[in-house]
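Topology and contacts: notes
Letter by letter, the chains look like this.
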Amino acid sequence: MSQKGILAVVSGFSGAGKGTLMKALLERYAQQYALSISATTRKPRVGEEHGREYFFLEKDAFEQLIAEDALIEHACYVGNYYGTPKSYVLEQMEAGRDVILEIEIQGALEVKKKFPETLLLFVTPPSAKELESRLRGRGTETEAVIRDRLSRAVEEAEFMEQYDYILVNDDLDTCVQDMHRLIQAQHQRCSENRDFIRQMKQELNEL
Ligand code: 5GP
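Residues numbered from 1 in each chain as written. Predicted model: local features only at pLDDT ≥ 70, side-chain atom pairs only at ≥ 80, totals over all residues. Heavy atoms only, no water.

**A look at the side chain of Gln92**
Tracing the chain through its elements places Gln92 in helix H3 (residues 86–94). The class of Gln92 is buried, set by a relative accessible area of 14%. Not counting residues within four places of it along the chain, the set of residues in contact with Gln92 comprises Ala34, Arg97 and Val99. (Helix = DSSP H or I, 4+ residues; strand = E, 2+ residues; numbered from the N terminus. Buried < 20%, exposed > 50% of the residue type's maximum accessible area, 1.4 Å probe, protein only. Contact = heavy atoms within 4.5 Å.)

**A word on helix H7 (residues 172–186)**
End to end, H7 covers 22 Å across 15 residues, agreeing with the expected 21 Å (1.5 Å per residue, within 8%). Of the residues making up H7, those classed as buried are Cys175, Val176, Met179, His180, Leu182, Ile183 and Gln186. Summarising the axial view, the buried residues of H7 lie within an arc of 165°, below the 170-degree limit, and thus occupy one face. If you follow the buried residues of H7, they end up packed against strand S1 (7–12), helix H1 (18–28), strand S2 (33–35), strand S7 (98–102), strand S8 (119–124) and strand S9 (165–168). (Expected span 1.5 Å × (residues − 1). Arc of directions from axis to C-beta.)

**Let's talk about the sheet that holds strand S6 (residues 80–85)**
Pairing is mixed in the open sheet, where four strands are placed in the order S4-S3-S6-S5. Among the strands making up the open sheet, the edge pair consists of strand S4 (54–56) and strand S5 (71–77). Across the sheet, the axes of successive neighbouring strands diverge by a mean angle of 25°, strand direction being ignored. Here helix H2 (residues 59–67) sits on the sheet in contact with strand S3 (38–40), S5 and S6, set at roughly 45° to S6. (Pairing = 2+ DSSP bridges. Axes fitted to C-alpha atoms, helices over the stretch in contact; angles between N-to-C directions.)

**Structural notes on the sheet that holds S2**
Spatial strand order, S2-S7-S1-S8-S9: five strands in an open sheet with parallel pairing. The open sheet terminates on both sides in strands that have one partner only, identified here as S2 and S9. Going across the sheet, the axis of each strand differs from the next one's by a mean of 30°, ignoring polarity. Two strands pair when backbone bridges link them, and S2 and S7 are joined in this way by three bridges, in the parallel orientation. Paired with Tyr33 across the two strands is Asp98, which belongs to S7. In the packing of H7 onto the sheet, the strands contacted are S1, S2, S7, S8 and S9, and the crossing angle to S9 comes to about 160°.

Here it is, written out as structure tokens:
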């Protein structure tokens, strides 16, 4: 079966728990997955480190990456550039690791256009009420920010159907298992196993 890694994109509403989900998946299956580190022009938040959460770049340096075609995709989000460096993703996939991009919707659709085999996963809480209460529960955001995130969620919901699967993040453990199962199932897709199919045909012809 397919030895090459799968490319999976994870998007979802702010407050859906994507960060926690990624962390839990990577802790449980450290050998199997590689999480791509994006480049961005936004400033680091307290506790973030260059090369760990993001590669924090000046605008010029980011535009240089675009010019060199070194990014798989990039998008502008709330006034800053975000993009996925190409080399790491391709290297990891070649090495047989499943690569996860945690990126917003425009970027996700751009990746799917370039690499149609990409698995698009959309993470959501079980209900809009639950989304609201998670955003409030963080206790770190102002009312204006919460309203802004909720109205953004209304816009983002329009794109949900363009994803391959919905991941409802109600119980974290179940969600991690669902995500792992969906990604692993991709390894058995015919499109991921062209070499195997070719080999099988050849052997059959030689019998
Ligand atoms: P934050 O600034 O909160 O870390 O991220 C803002 C948004 O940018 C999130 O929705 C995140 O998923 C998205 N994002 C992070 N990295 C990338 C990237 O490389 N490309 C795109 N298109 N979006 C990204």
